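Coordinate inspection notes
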Amino acid sequence: MAITKKALVFGSGGQLGFEVTRRLAQAGWRTVGFSRQTADIRQADVVNSFVESECPALVVNCAAYNLVDRAEAEPAAAYLVNGLATRNLALACAKVNARLVHFSTDYVFDGQTREPYTEEDRPHPINAYGVSKLSGELYAFAYLKDALVIRTCGVFGPEGIHTAHGNFVETMLRNAHAGRPLRVVSDTFASPTFAPALAEKAVSLADAGASGVYHVGGGESISWYHFARLIFDVSQIAADLQPTTRADYASAAARPQFSALSNARLEAEGFGPMPGLREAMTEYFDRRETVLRKGNLSR
Ligand SMILES: NC(=O)c1ccc[n+]([C@@H]2O[C@H](COP(=O)([O-])OP(=O)(O)OC[C@H]3O[C@@H](n4cnc5c(N)ncnc54)[C@H](OP(=O)(O)O)[C@@H]3O)[C@@H](O)[C@H]2O)c1
């Protein structure tokens with residue numbers, strides 16, 4: 001009889017955590033998910049006690065402090081979750097010989113390029129959130145020789161309807177429904193990433209025993225304005241959408257101007273391409289309907 005391996009997912013209440021938990025179970029992992037309410041990863045004793053009692057083969061960290069602008073006012077809060085709490089997870093994994101999969105961000109880069117970033121490019125974060133996420137990467141590799149760090153970009157998953165921080169698609173829809181004019185930057189570029197497809201790649205990488213840094217972005221470089229246009233085009237929702245510029249859009253945190261990620265390594269190693277952005281957006285709206293229906297039924 002095949003032995004079912006056990007995986008723990010921290011941050012399972014987030015849009016990516018939900019998809020990773022589901023995907024691991026589909027791939028045959030016995031999976032236990034911990035939301036922030038069940039396990040706050042800043043608490044080393046809590047992390048240790050769950051990891052030691054469950055003794056998993058794999059620990060996946062989907063938890064993060066993601067408030068990019070607020071992190072400028074409270075860098076310590078971001079560092080506690082994204083840096084030191086990753087250290088807690090890495091040390092706990094080392095004790096039971098579990099492998100760690102940790103998610104990081106395109107914001108470890110400064111955006112001073114016009115080509116998608118590869119794993120060989122030098123990180124140089126330009127805001128407190130990016131520094132905190134880079135520290136998490138360093139902690140993972142400091143204590144584990146086989147940690148897997150997956151950098152991703154502009155994550156959008158249908159569970160973002162319910163999560164505290166949502167995602168860009170839901171922000172656009174909410175504003176359009178409220179009849180608010182939308183001004184979106186057309187001179188800042190990223191590679192928005194569909195959470196279910198990212199989860200599928202992450203589990204494939206983990207199953208293959210991959211370690212080191214991998215980039216898993218959406219595979220297409222696009223401005224946020226053009227991404228917003230795609231959202232309204234696919235959903236057929238009317239919106240007052242106009243392009244704006246970085247200069248006209250003030251924010252507390254500096255953001256990289258071009259932070260698309262190259263999936264070349266992922267594809268070269270046989271993990272396949274990510275779905276096209278239009279295809280991913282179509283699937284997003286299909287799945288979103290299901291998430292909404294389930295939400296209405298459970299009320
Ligand atoms: N979203 C993006 O556009 C984006 C872009 C690049 C990289 N990433 C990375 O992708 C990963 C997944 O992000 P996501 O989009 O799924 O974010 P998300 O939906 O905001 O999920 C993050 C989860 O982490 C939880 N969390 C926060 N602090 C915690 C703590 N101390 N202990 C345990 N859980 C905690 C949050 O709980 P609460 O809701 O209760 O706070 C939330 O459920 C993160 O590593 C993020 O940095 C995301």
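Here, every reference points to the structure presented above.
Residues numbered from 1 in each chain as written. Predicted model: local features only at pLDDT ≥ 70, side-chain atom pairs only at ≥ 80, totals over all residues. Heavy atoms only, no water.

A few points about the packing of aromatic side chains
Considering all chains together, one arrives at 13 aromatic pairs under this definition. Relative to Phe 50, the ring of Phe 34 lies with its centre 4.4 Å away and its plane at 40°, an arrangement referred to as tilted. Of this pair, Phe 34 sits in strand β2 (residues 30–34) while Phe 50 sits in helix α2 (residues 44–54), and the two are 16 residues apart along the sequence. A ring pair is formed by Trp 224 and Phe 227, whose centres lie 6.0 Å apart and whose planes are at 75°; its orientation type is edge-to-face. (Phe/Tyr/Trp six-rings, centres within 6.5 Å; stacked < 30°, edge-to-face > 60°. Helix = DSSP H or I, 4+ residues; strand = E, 2+ residues; numbered from the N terminus.)

A look at the nonpolar core
Among the nonpolar cores identified, the biggest contains 57 residues, and Phe 103 and Phe 227 are the most heavily contacted of them. In terms of residues, this core owes the most to one element, helix α7 (residues 195–207), which gives 8 residues. Look past the residues within four positions of Phe 227 in its chain and what remains in contact with it is Phe 156, Phe 168, Val 169, Pro 192, Ile 222, Leu 277 and Met 281. (Core = buried A, V, L, I, M, F, W, Y, C linked by side-chain atoms within 4.5 Å. Buried < 20%, exposed > 50% of the residue type's maximum accessible area, 1.4 Å probe, protein only. Contact = heavy atoms within 4.5 Å.)

Focus: the packing of helix α4 (residues 75–96) against helix α5 (residues 128–143)
Look at α4 against α5: their axes get within 8 Å of each other, and the N-to-C directions meet at 15°. In terms of orientation, α4 and α5 fall into the roughly parallel class. Viewed along their axes, α4 and α5 form a crossing whose handedness is right-handed. Residues Pro 75, Ala 78, Tyr 79, Asn 82, Gly 83, Leu 84, Thr 86, Arg 87, Ala 90, Leu 91 and Ala 94 of α4 touch α5, and the partners they reach there are Ala 128, Tyr 129, Ser 132, Lys 133, Ser 135, Gly 136, Tyr 139, Ala 140 and Tyr 143. (Axes fitted to C-alpha atoms, helices over the stretch in contact; angles between N-to-C directions. Parallel < 35°, antiparallel > 145°, perpendicular 65-115°, else oblique. Left-handed = near helix turned anticlockwise from the far one by under 90°.)

Focus: the site of the ligand
Neighbouring the ligand are 27 residues, the closest being Gln 15, Asp 40, Asn 66, Tyr 129 and Lys 133. One nitrogen or oxygen atom from the side chain of Tyr 129 is found 2.9 Å from an oxygen atom belonging to the ligand. Compared with its free state, where it exposes 900 Å², the ligand has 89% of that area covered by protein. By residue number, the principal contributor to the shell around the ligand is strand β4 (residues 99–105), which donates 3 residues. Here the shell around the ligand is composed, by residue class, of 12 nonpolar, 10 polar and 5 charged. (Near = heavy atom within 4 Å. Polar contact = N/O pair within 3.5 Å; in protein donor to acceptor, adjacent residues only side chain to side chain. Areas by Shrake-Rupley, 256 points an atom, 1.4 Å probe, with all protein chains shown as cover. Nonpolar A, V, L, I, M, F, W, Y, C, P; charged D, E, K, R; others polar.)

A closer look at the pairing of strand β1 (residues 6–10)
Of all 5 residues in β1, 5 are buried; the element is thus mostly enclosed. Because side chains alternate across β1, one face comprises the buried residues Lys 6, Leu 8 and Phe 10, and the other comprises Ala 7 and Val 9, equally buried. Of the pairings in the sheet, the one linking β1 to β2 comprises 5 bridges and is parallel in character. Within β2, the position partnered with Phe 10 by the bridge is Phe 34. You can see the chain leave β1, run along helix α1 (residues 15–26) and come back into β2, and the turn it takes is right-handed. (Pairing = 2+ DSSP bridges. Right-handed = clockwise from strand over helix to strand, strands pointing away.)

A closer look at the packing of helix α6 (residues 168–177) against helix α8 (residues 224–235)
Contact pair α6 / α8: the axes reach a minimum separation of 10 Å and the direction vectors enclose 65°. Between α6 and α8, the interaxial angle falls into the category roughly perpendicular. Note that α6 runs across α8; the crossing there is right-handed. Judged by residue contacts, Phe 168, Val 169, Met 172, Leu 173 and Ala 176 of α6 engage Trp 224, Phe 227, Ala 228, Ile 231, Phe 232 and Ser 235 from α8. Here the contact of α6 with α8 is built from residues that sort into 10 nonpolar, 1 polar and no charged.

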